[in-house]
Every structure is written in C-alpha cells, then in structure tokens.
Amino acid sequence: MRLLRKALMPDYDVSAPLDTDYYGVFADVPAADRAFWSRARSFAVETLDELSAAWDKAEYPLHLARRLGELDLLTDGVTGPGLTPMSPLAAGLVNMEISRGDGSMGTVVAVQGGLALRSIAMFGSDEQKATWLVPLARADKLGAFALTEPNHGSDSVALETTAHRDGDAWVINGEKKWIGNGSVGDVTVVWARDDDNNVRGFLVDQSLPGYHGETMLGKGSLRAVHQARITLTDVRIPLDAVLPGTQTFKDTAVVLFATRLGVAWSALGHATAVFEAALNYSQQRVQFGKPIAGFQIVQERLTLMLSELTSMQLHCMRLAELDAAGTLRPIQASLAKFHNTRAARTLASLARDMLGGNGILLENHVIRHLADIESIHTYEGTESIQSLLIGRDLTGVSAFH
C-alpha cells in the first residue's frame, strides 16, 4: 500500500535555485562580492532540509549559526579590527541568499552581525572591540541586542530599563522582549537609561546573577531561531561595560538605520524563494492534461510576481551603490524596507495560492517563507512607522504626535 501511495503521489522539486534576474541587475557583481554570495548559496542549499525540519520542531540549530561564522558570513559589512572587509553589496547578497534558504538563519545574521556586532564596532572601546568583534564574527560567541520591551516596541525611545551607577558598578533593572539570542547567547547589548536619563548601551554577560532569559514559545514565524523575554534584576556590571560611544537614543537609531537595508535584502531573498517555487511548480504540476504553466492566468500571475521581484532587486542594488558611496540616507533605507517587505508578502500569498494544497506543506517551503515574512515585515520598524518616517521627510510635517 505504501509503495502504491508513493507511486500515485507526484513529487515536486520546487526549491531548485533559478537565479532569476530579468534585468541583469546582478550580472556585474565583482568577484570578491560573488565569493561571499557563493558561500551563502552553498550554505542555503546544503542546510535547507535540516532547517525546514528545525522550523517544524521550533528548534534552534546553534551549530548552523556557528557554521555561518566559520564561513565568515556574519559580519553584515561591519568594519573593525580583525574583521574581513565586506562591501555593502556583498552584505546584501549574503542577507538575500541566507533568507532565500531560511528566514531564521537570516535573522541570525541580522542579530549577530547587524545589531550586536555593529553596536560594539561603532560605539565600543578599543578593549571591547578586541574582546568581542572577532569572536562574534566567527560565532565563537553569540550576541544579542536588547532594545524592545514588553511595553515599548515602536516607541522604544520611551524604554524604561535603567542603569544606575553604584560605586564601581552599574546596576541594571528592567525587562526586554523579542530578543534574538537573548536566552542562548553569551553577551547582550542592553539599552538602558543612566542616572542622567540618557539612553546608553551596556555589555551584559548572560551568565551574571539577575539576568534571566526565557525562550519565547508558541511562535508561528521564524521558528528555527530563539527570541527571549529577558528580566534584569539588580544585574551588576563593571563601569567599563558601558559602550563609551553611546550617549543618547540617537546612537541606538544609527544602528537600526544601518540594519534596515539588510531587511530589504532579506525580503528579496524570501520573495525570490517563493517566486522560484511557484515557477518550478507551474512546470511540474499537471492538471487538465497539461502543466499549469500553460494556462493564461498562471502566466499572468508569474508575470506580476516577476515585475515585483525585479523592482525589489533594483531597490536593493541602487541602495547598495549609495551605501558604498557613503551617500545613503536613512530614509532611503526606510523606503526600501517599506517596499520590499510589502512586495514579499504579496509574492508569498500568490505563490501559496498557485501551489494549491501543496502550498501549505512544509516540504514545499512556501508556507514557511510566508510565515517568516510576517516577522521581517514587522521588525526593524513596522510598515506604519516607516510610513511616518517617509511621510515626515516628504512633507516636512511630523505625524508621530
């Protein structure tokens, strides 16, 4: 019976990369950048099935996070002592390719490199950089970035966590939520208010008394990476654990702005995966006596998806060029994030529908990407917040209050 069932059920291979690039946007990627891209592609392909299984079980395969470090794919273009130079284009391509395979690992890149590593590289002392940059880049140590709180997400500028100076130590109290690596890592960059009410960054060892990171359960998205709810109760850290370059929330915002473009690239990776899954499926799925690729409505949908995907590629490539030239404005990264995560949601929905019932099977990957896109659409600034930032820039009028 099992053999008969297997013979009657068609098998679909929808995950094969097709390198969709209708406008040749990536035709002239330099060799050094292409080398990063190639390593990311190999990782994505080789780990796809394992990560899909981990996603299903809500397990965080830490050995794969460390593998990303071994492949030197975690720096997100951050510069600093001991770090391999990675151009903005290479960083984007890595974000794209890792997310094309799995969004949870894409989030590892965003948290480990984009947030934790970047915070120390931008604002840390020489000693802090010497201690943390290379171990974080290699994933010998895992880092977290603790900004969001249970009552402060989009308005994180109003964070309530405090850092009180007590003799030769800082004493930190507060709560954080949605913190990647916050329960399984080594160091957490905690953003807190000092005695002068200024928001500053503090390096907190996760093994210290009073630090409690609880893995959040029940997620329907990014299930193969752990986020934590963190409680900090009279956590004592040395005075030199503060990031000396941080003085106000504006410094926090600089880190967030720098990672926002990475989210746009990540969305492009997800969108590429679901588009290529739909295209592959359309050529393999036979209904009414022929592949569904031969039906007009399917071709129309594929064309719509391609047009959106090509637009996403152009957004990313142009902003990588601006970033490399040092002329990228934070608001431009906001527009790319706004456009690309919205477009990725559209493509995932169309792909899921095109695959019919097969679209909800994890073995075909589309439903996993559809769910993961919901997270990247939200983090690093929701669609609503990006709209307000862009609208303020356009009109000169703030609508935040």
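Residues numbered from 1 in each chain as written. Predicted model: local features only at pLDDT ≥ 70, side-chain atom pairs only at ≥ 80, totals over all residues. Heavy atoms only, no water.

If you check an unreviewed UniProt entry, the protein appears there as Acyl-CoA dehydrogenase from Cryobacterium gelidum. Per UniProt, the protein carries the Cofactor (unreviewed entry) text "FAD". (UniProt positions renumbered as here; feature names shortened; annotations may be inferred.)

J.: Which residues make up the nonpolar core, and what are the values?
T.: By size, the foremost hydrophobic cluster in this structure holds 46 residues, and its most contacted members are Phe 26, Leu 93, Trp 265, Leu 268 and Met 305. Elements with a minimum of two residues in this core: helix 4 (88–101), helix 7 (249–284), helix 8 (296–325), helix 9 (330–354) and helix 10 (366–378). Considering every element that reaches this core, the biggest residue donor is helix 7, with 12 residues. There are two domains that each give this core at least three residues, and those are domain 1 (31–138) and domain 3 (250–395). (Core = buried A, V, L, I, M, F, W, Y, C linked by side-chain atoms within 4.5 Å. Buried < 20%, exposed > 50% of the residue type's maximum accessible area, 1.4 Å probe, protein only. Helix = DSSP H or I, 4+ residues; strand = E, 2+ residues; numbered from the N terminus. Domains from an automatic or database assignment.)

J.: Explain a nonpolar patch on the surface residue by residue, including any values.
T.: Taken together, Tyr 22, Tyr 23 and Leu 314 make up a surface patch of nonpolar side chains, about 400 Å² in accessible area. With a relative accessible area of 63%, Tyr 22 lands in the exposed category. (Patch = residues over 30% accessible without salt bridge, like charges linked within 9 Å, V, L, I, M, F, W, Y side chains within 5 Å. Areas by Shrake-Rupley, 256 points an atom, 1.4 Å probe, with all protein chains shown as cover. Salt bridge = Lys/Arg side-chain N within 4 Å of Asp/Glu carboxyl O.)

J.: Give me the lowdown on the UniProt feature "domain: Acyl-CoA dehydrogenase/oxidase C-terminal" (unreviewed entry) in the protein, citing residues and values where you can.
T.: UniProt marks residues 258–394 with the feature "domain: Acyl-CoA dehydrogenase/oxidase C-terminal" (unreviewed entry), using the numbering shown here. What you have in residues 258–394 is 78% helix and 3% strand, and the ends, taken at the C-alpha atoms, are 21 Å apart.

J.: Explain the side chain of Asp 33 residue by residue, including any values.
T.: For Asp 33, the location among the structural elements is in helix 2 (residues 31–57). The charged side chain of Asp 33 is buried without a salt bridge, its nearest counter-charge being Arg 34 at 8.8 Å. Within polar-contact distance, the side chain of Asp 33 engages the side chain of Ser 87 at 2.8 Å. Ignoring anything within four residues of it in the chain, the contact list for Asp 33 reads Ser 87, Leu 89, Ala 90 and Leu 93. (Lys, Arg positive; Asp, Glu negative; His and termini not counted. Polar contact = N/O pair within 3.5 Å; in protein donor to acceptor, adjacent residues only side chain to side chain. Contact = heavy atoms within 4.5 Å.)

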